[in-house]
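What follows is each chain in one-letter form.
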Amino acid sequence: MRQKLYSFLICVLLLLALAANWGFGRLKFAAPHPVPIENFPRHIGDWTCVEDDPVDPAVQKALPTATIIQREYRNSAGHVVTLELITGKSYDDFHDPNVCFPAQGWTLFDHKILNWNGQEVNFMKATLNGYTEDFAYYLAGGYLANIPMGGIAQKKFYAWRKLLTGEGGGSLVVRMSNAEGPGSVDVLKSFALTIQPVVNSMVKERK
């Protein structure tokens, strides 16, 4: 009985501490560590990189600590998926596509959270000038897929993760897109599942 009481009191104290830090904002955000995305395979499973897309200088300037890789992969059936990997030393460099896409003229719709082999993935469709893409993205590791990248709640989560585990977490945002069409979501999922083991191993490495 006494042990249960102690456990209850400890839980209450932890909740009070969390509320205080949340309210006053005194807990510093945990800094992530970058991961070696330059080592990401150019050939994986049935998919082969067919083109490296240059990073927009304006984007790189806006995300000073970020390393960004943009590639197009094609499989033997001719399907093409665009992959973007973003890593960095600050969560401030992970911007929310729900903000930056509309700013570039895209209209977003069909938002949903999908679970692909245990990984929660943000999915949506984006259309511009009559062209529509399927778009999926997530922060590797399965954490808080439905909270916008760079949001205060997500940063607080990482701060507490750092406090409790001593690990800031590997910073790897995975974005994938392809042209909307018959079976296009299945193609995107197939690609995501193919790269998932490599992505999961990368977030455990230090650069």
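Residues numbered from 1 in each chain as written. Predicted model: local features only at pLDDT ≥ 70, side-chain atom pairs only at ≥ 80, totals over all residues. Heavy atoms only, no water.

### Description of the packing of aromatic side chains
The condition that has to hold: The criterion for an aromatic pair is that two Phe, Tyr or Trp rings (for Trp, the six-membered ring) have centres within 6.5 Å, with stacked assigned to planes under 30 degrees apart, edge-to-face to planes over 60 apart and tilted to the rest. Numbering of helices and strands starts at the N terminus; helices are DSSP runs of H or I of at least 4 residues and strands are runs of E of at least 2. Using a 1.4 Å probe on the protein chains alone, a residue whose accessible area is under 20% of its type maximum counts as buried, one over 50% counts as exposed, and one in between counts as partly exposed.
The full count for this structure, using the stated rule, is 5 aromatic pairs. Each ring, one from tyrosine 73 and one from phenylalanine 191, has its centre 5.6 Å from the other, and the planes form 50 degrees; the classification is tilted. Of the two residues, tyrosine 73 is situated in strand β4 (residues 67-75) and phenylalanine 191 in helix α5 (residues 184-202); the sequence distance between them amounts to 118 residues. Take tyrosine 73 and phenylalanine 191: they sit in the same class, and that class is buried. Among the aromatic side chains, those forming a connected cluster through ring pairs are Phe101, Trp106, Phe135 and Tyr137.

### Quick notes on the layout of surface pockets
Selection rule: Cavity: a set of points on a 1 Å grid over the protein atoms alone where a 1.4 Å probe fits but cannot get out. Pocket: an open set with protein on both sides within 12 Å along at least five of seven lines, its lining residues, like those of a cavity, having an atom within 4 Å of a point. Grid points are joined across faces, edges and corners, and a volume is the space filled by probe spheres set on the points. Any residue outside Ala, Val, Leu, Ile, Met, Phe, Trp, Tyr, Cys, Pro, Asp, Glu, Lys and Arg is labelled polar, Gly included; the first ten of those are nonpolar and the last four are charged.
In this model, the largest pocket occupies a volume close to 570 Å³. Lining the largest pocket are 23 residues, with Gln70, Glu84, Phe101, Gln104 and Arg175 sitting closest to its centre. Taken together, the elements giving at least two residues each to the lining of the largest pocket come down to α2 (57-62), β4, β5 (80-87), α3 (97-103), β8 (131-139) and β10 (173-179). Among the elements that take part in the lining of the largest pocket, β5 stands out by supplying 4 residues, more than any other. Classifying every residue of the lining of the largest pocket gives 13 nonpolar, 5 polar and 5 charged.

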